[in-house]
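# Architecture at a glance
What follows is each chain in one-letter form.
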Amino acid sequence: MSRFLACWRQLTARSLVSNSSPFQSSWNVQGAYSGVDPTAGSLHVGNLVALMPLIHLYLHGIPVYSLIGDATVQLGDPSGRTTGRHELKQDVRNRNKENIEKQILSLPEKVITYAKDCQYKCEGADASPLTWNIVHNLDWYKNMNLLTFLNEVGRQARVSQMLARDSVTSRLQSSSGISFSELTYQLLQAYDFLHLYKNHKVNLQIGGSDQWGNITAGTDLIRRFYPKSMTKSPVYALTTPLLTTANGQKFGKSAGNAIWLDPSLTDSYSLYQSFISLPDDIASKYLDMLTLLSSEDLESIKSKHFQNSSSRFIQHSLAFNVVHMVHGKESAKLAQLQTELLHGSHPAPFGFSVSAENSILPSVDKLKDIFKTSNCYYKVDSSTDAIPFSRLLRELGIYISRKEASEHIRSGAISLAHETVVDPNIILTHKDLAVLRIGGRRALILDFT
Ligand SMILES: Nc1ncnc2c1ncn2[C@@H]1O[C@H](COP(=O)(O)OP(=O)(O)OP(=O)(O)O)[C@@H](O)[C@H]1O
Ligand SMILES: N[C@@H](Cc1ccc(O)cc1)C(=O)O
């Protein structure tokens, strides 16, 4: 079996293929790429879906390329957007580019460690990972002359096809319309694919399903440029499903609901937590898509979960595995322990909870060690410990105003160490740690020591 066929089986079994060029077992993939525009300082969980096929290809020993769109970010991709993007300043774009590049550079080592832990196998293929390459599209656009681009690329592009792309039709009908630069975005992404095909033998582009139009603009352009090469080295497109919220909204930067992969923006505990309240069917699908667990392990997790679905075993397994892959195993273990202490089933002192089987609560010092690096830990110092509760919450930055804090307190949504607090003016007399709960799921640690 060819390496790509073995990999394709993994991708389809894990529901990672939303659309593709007509698949045949003879697909001859020599290299694959996926791109990201540095519109933010970190990748997010949505981007991870589009990265998963690249991860499987990498583990199967097929050359992979991550493209950082430091040229395309200047135009803004209209795909999946109802309005144009705000222009980012050059220093912000550069910072974003550096951060994303660092994140991608650190990925292969993490993926290999995680894959070993999962005993990931390349069925029927003898493979070992090659280098994970990073390219920047400004490298070929910075000296590109406008006339050369229009002559080489513009001449081949068909305006009727450009206008028919989903990303364009939806915007043409909107009140804000679409700018010329956004309309030409697809030609730049198409030319990227052509460039990588010509210079690095890359003949597969992968992206989220909103990228189908841009990716096929590339396959069309390459076929027009190199009609004779198509028998020996054909080009392919592959898209993954979009990761959406429970109400169908795409997870991402534009929707403002991104869960970042950078631990300084979304710490391991919050990343872990983001999967815990997913409905069973969605969590089960994400477990297939976002982990490298074997089909036997996936089966056994699901069957264990359905013996007692209140255990949320699928959600916890998904959370542990994603944190393991992107932040490392130690961070995943810590996030699991923090989750157990904050959301277990058996109430314990200071407002912590632990499960009945594991009811020994760590000492205050140990608890401080467990939580002090997480975003849910707040140190209450001596200048703030004798002030009214609503002001304390404002001073700690938990609420932006005292008024907002007071409203939440009065509504009964806040409890401290198992006690609901309804008086915004109360002065706390705590001397150790206490868990502050806001609504159903948010839990913070206040450290009064
Ligand atoms: N929620 C998601 N599910 C699956 N793939 C996604 C998701 N969000 C982004 N991607 C994919 O990640 C790749 C890089 O996307 P990029 O970061 O450039 O834009 P984006 O996150 O979609 O941005 P925005 O949210 O601003 O539209 C693309 O292939 C895109 O389709
Ligand atoms: N258009 C992609 C990013 C990208 C940029 C250039 C490419 O060649 C490929 C992909 C997105 O916004 O999600």
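Anything mentioned here points back to the structure above.
What you see is a predicted model; the values in this text were computed from it and never measured.

This paragraph deals with the overall build of the protein chain. Per the secondary structure count, the protein chain includes 17 helices and 13 strands. A compact globule built from 449 residues should have a C-alpha radius of gyration of about 22 Å, and the protein chain, at 25 Å, falls within 12% of that. The principal-axis extents of the C-alpha atoms in the protein chain amount to approximately 80 × 50 × 35 Å. About 21000 Å² of surface is accessible on the protein chain, with carbon and sulfur atoms providing 51% of the total.

Glancing now at the nonpolar core. It is characteristic of soluble globular proteins that their nonpolar side chains tend to be buried jointly. One finds Leu57, Trp132, Leu204, Phe275, Leu290, Leu292 and Leu318 to be the most contacted residues of the largest nonpolar core, which totals 66 residues. It is helix α2 (residues 45–59) that provides the largest number of residues to this core, a total of 10 residues. A domain-level breakdown of this core finds at least three residues from each of domain 1 (3–240) and domain 2 (268–343). Once you skip the residues sitting within four places of it in the chain, Leu290 turns out to touch Val45, Leu48, Val49, Met52, Phe275, Leu318, Val322 and Met325. Counting 37 residues, the second largest nonpolar core, distinct from the first, contains Tyr377, Val435, Leu444 and Ile445.

This part covers the side chain of His195. Position of His195 relative to the elements: it lies in helix α8 (residues 180–200). Judged by its relative accessible area of 16%, His195 is buried. Excluding residues that lie within four positions of it along the chain, His195 makes contacts with Trp140 and His200.

This part takes up the pattern of salt bridges. Applying the stated rule across the entire model yields 15 salt bridges. Where Asp70 meets Lys97, a salt bridge forms, and the shortest distance between an N and an O atom there is 3.9 Å. You can see Asp70 sitting in the loop between β3 (64–68) and α3 (90–117) and its partner Lys97 sitting in helix α3, a full 27 residues away along the chain. Accessibility expressed as a relative area gives 8% for Asp70, which makes it buried.

The environment of ligand 2 is made up of 13 residues, and the closest members are Tyr33, Asp77, Tyr185, Gln189 and Asp192. Interatomic distance of 2.8 Å between a side-chain N/O atom of Tyr33 and an oxygen atom of ligand 2. Between ligand 2 and Asp77 there is a distance of 2.7 Å, counted from a nitrogen atom to a side-chain nitrogen or oxygen. Counting only elements with at least two residues in the shell around ligand 2, the list comes to β2 (32–36) and α8. The class makeup of the residues in the shell around ligand 2 is 4 nonpolar, 6 polar and 3 charged.

Strands pair in a sheet through their backbones, by hydrogen bonds, and they do so in one of two ways: parallel or antiparallel. With mixed pairing, the 5 strands of this open sheet are ordered in space as β9-β13-β12-β10-β11. Here the strands that pair on one side only, and so sit at the sheet edges, are β9 (377–379) and β11 (419–420). By the bridge criterion, 3 bridges tie strand β10 (residues 414–416) to strand β12 (residues 433–438) in an arrangement that is antiparallel. In the strand pairing of β12, Ile414 is matched with Ile438. Running at roughly 45 degrees to β12, helix α15 (residues 364–371) makes contact with β9, β12 and β13 (442–447) of the sheet.

As a further point, take unusual backbone geometry. Although it is not a glycine, Arg312 adopts a positive phi angle of roughly 50 degrees. Residue Arg312 is classed as partly exposed on the basis of its relative accessible area, which comes to 27%. In the Ramachandran plot, Ala417 falls in the positive-phi region, its phi being about 50 degrees despite a non-glycine side chain. Residue position: Ala417 is located in the loop between β10 and β11. Relative accessible area serves as the criterion here: at 19%, Ala417 is assigned to the buried category.

Under the definition given, this model contains 0 disulfides. The closest cysteine sulfur to the non-disulfide-bonded Cys118 is located on Cys122, 13 Å from its own sulfur. Cys122 takes part in no disulfide bond, and the closest cysteine sulfur, belonging to Cys7, lies 8.0 Å away.

What follows is about a negative patch on the surface. Side chains of Glu123, Glu296, Asp297 and Glu299 sit close together on the surface and give a patch of like negative charge. The residue Asp297 is located in helix α12 (residues 295–307) in this model. Residue Asp297 is classed as partly exposed on the basis of its relative accessible area, which comes to 34%.

Attention now moves to the site of ligand 1. Neighbouring residues of ligand 1: 21 residues in total, closest Asp210, Leu243, Lys250, Phe251 and Ser254. Interatomic distance of 3.1 Å between a backbone N/O atom of Gly46 and a nitrogen atom of ligand 1. With respect to ligand 1, the side chain of Asp210 contributes an N or O atom lying 2.6 Å from an oxygen atom. Contact with the protein chains removes 94% of the 600 Å² of surface that ligand 1 exposes when unbound. Elements supplying a minimum of two residues to the shell around ligand 1: β2, α2 and β5 (204–208). For the shell around ligand 1, the leading source of residues is α2, giving 4 residues. A per-class count over the shell around ligand 1 returns 7 nonpolar, 9 polar and 5 charged.

Another aspect to go through is α2. The periodicity of an α-helix, 3.6 residues per turn, causes residues three or four places apart in sequence to face the same way. For α2, with 15 residues, the first-to-last C-alpha span of 20 Å sits near the 21 Å given by 1.5 Å per residue. Along α2, the sharpest change in direction is near 40 degrees and occurs at Leu51; proline Pro53 comes one to four residues later. Across the 15 residues of α2, 15 count as buried, placing the element largely inside the fold.

Okay, the side chain of Asp262 next. Tracing the backbone shows Asp262 in the loop between β6 (236–240) and α10 (268–276). An unpaired buried charge is present at Asp262: no salt bridge exists, and Lys102, the closest side chain of opposite charge, is 8.3 Å distant. Among all residues touching Asp262, those that are not within four sequence positions of it are Ser42, Leu43, Gln103 and His327.

Spatially, the 6 strands line up as an open sheet ordered β1-β6-β5-β2-β3-β4, and their pairing is mixed. One side of each edge strand has no neighbouring strand; the edge strands of this open sheet are β1 (19–20) and β4 (132–136). Relative to β6, β5 runs parallel, the two being bridged by 5 bridges. Bridge pairing in β6 links Leu204 to Tyr236. Of the strands in this sheet, β2, β3, β4, β5 and β6 touch α2, which is tilted by about 145 degrees from β5.

Reading the values: the criteria
- Residues numbered from 1 in each chain as written.
- Chains lettered and ligands numbered in written order.
- Predicted model: local features only at pLDDT ≥ 70, side-chain atom pairs only at ≥ 80, totals over all residues.
- Heavy atoms only, no water.
- Helix = DSSP H or I, 4+ residues; strand = E, 2+ residues; numbered from the N terminus.
- Rg over C-alpha atoms; globule rule 2.2 N^0.38 Å.
- Areas by Shrake-Rupley, 256 points an atom, 1.4 Å probe, with all protein chains shown as cover.
- Core = buried A, V, L, I, M, F, W, Y, C linked by side-chain atoms within 4.5 Å.
- Buried < 20%, exposed > 50% of the residue type's maximum accessible area, 1.4 Å probe, protein only.
- Domains from an automatic or database assignment.
- Contact = heavy atoms within 4.5 Å.
- Salt bridge = Lys/Arg side-chain N within 4 Å of Asp/Glu carboxyl O.
- Near = heavy atom within 4 Å.
- Polar contact = N/O pair within 3.5 Å; in protein donor to acceptor, adjacent residues only side chain to side chain.
- Nonpolar A, V, L, I, M, F, W, Y, C, P; charged D, E, K, R; others polar.
- Pairing = 2+ DSSP bridges.
- Axes fitted to C-alpha atoms, helices over the stretch in contact; angles between N-to-C directions.
- Disulfide = S-S within 2.5 Å.
- Patch = residues over 30% accessible without salt bridge, like charges linked within 9 Å, V, L, I, M, F, W, Y side chains within 5 Å.
- Lys, Arg positive; Asp, Glu negative; His and termini not counted.
- Charge placed at Lys NZ, Arg CZ, Asp CG, Glu CD.
- Expected span 1.5 Å × (residues − 1).
- Bend = angle between axes of the 7 residues up to and from the residue.

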